[in-house]
Amino acid sequence: IRLFSSSNSTLPTHLYLSRSREMQNNDSYDAALSWCRQTISRSGHDNMMLFSPKQYHEEIDAASAKFDLPVEALHSLFRNAHVAHLKRTSHQIKSQTSRHVQNYLNGMSILNI
């Protein structure tokens, strides 16, 4: 936390302190959002947290501590990033549905598809 108290300062020290916290919160938010996007974009066996509720909660709890964000806030951020990812990529999935169904019927696991 940076405190500024120069005689040239026009803002009181507590406002600088507030701005410093706000900047740190923005950095945490940006880092957490980046983590969410990277986690979501990983595919298959590298990203088992999307398929395991236990692992999902463990990862969210660990990221919550790492980014100093409440679990509920990180969960909401992750959910919003996941929805955005699905909207951005759903056309690719729809266009390949028949191929995926055929692969599944031929015995390929959903995780490998």
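Attention in this report is confined to the structure presented alongside it. (Residues numbered from 1 in each chain as written. Predicted model: local features only at pLDDT ≥ 70, side-chain atom pairs only at ≥ 80, totals over all residues. Heavy atoms only, no water.)

**Side note on the pattern of salt bridges**
Right, on to step 1. In this structure the tally under the stated criterion is one salt bridge.
Right, on to step 2. Here K54 makes a salt bridge to E58, at a shortest N to O gap of 3.7 Å. Of this pair, K54 and E58 both sit in helix 2 (residues 53-67), separated by four residues, roughly a single helical turn. (Salt bridge = Lys/Arg side-chain N within 4 Å of Asp/Glu carboxyl O. Helix = DSSP H or I, 4+ residues; strand = E, 2+ residues; numbered from the N terminus.)

**A look at the nonpolar core**
As a rule of thumb, nonpolar side chains are buried together in soluble globular proteins.
Right, on to step 1. Grouped together as the largest cluster of nonpolar side chains are 15 residues, with contacts concentrated most on W35, C36, I60, L74 and F78.
Right, on to step 2. With five residues, helix 1 (residues 13-41) is the single largest residue contributor to this core.
Right, on to step 3. Discounting residues that sit within four places of it in the chain, F78 has contacts with W35, C36, T39, I40, M49, L50, Y56 and I60. (Core = buried A, V, L, I, M, F, W, Y, C linked by side-chain atoms within 4.5 Å. Buried < 20%, exposed > 50% of the residue type's maximum accessible area, 1.4 Å probe, protein only. Contact = heavy atoms within 4.5 Å.)

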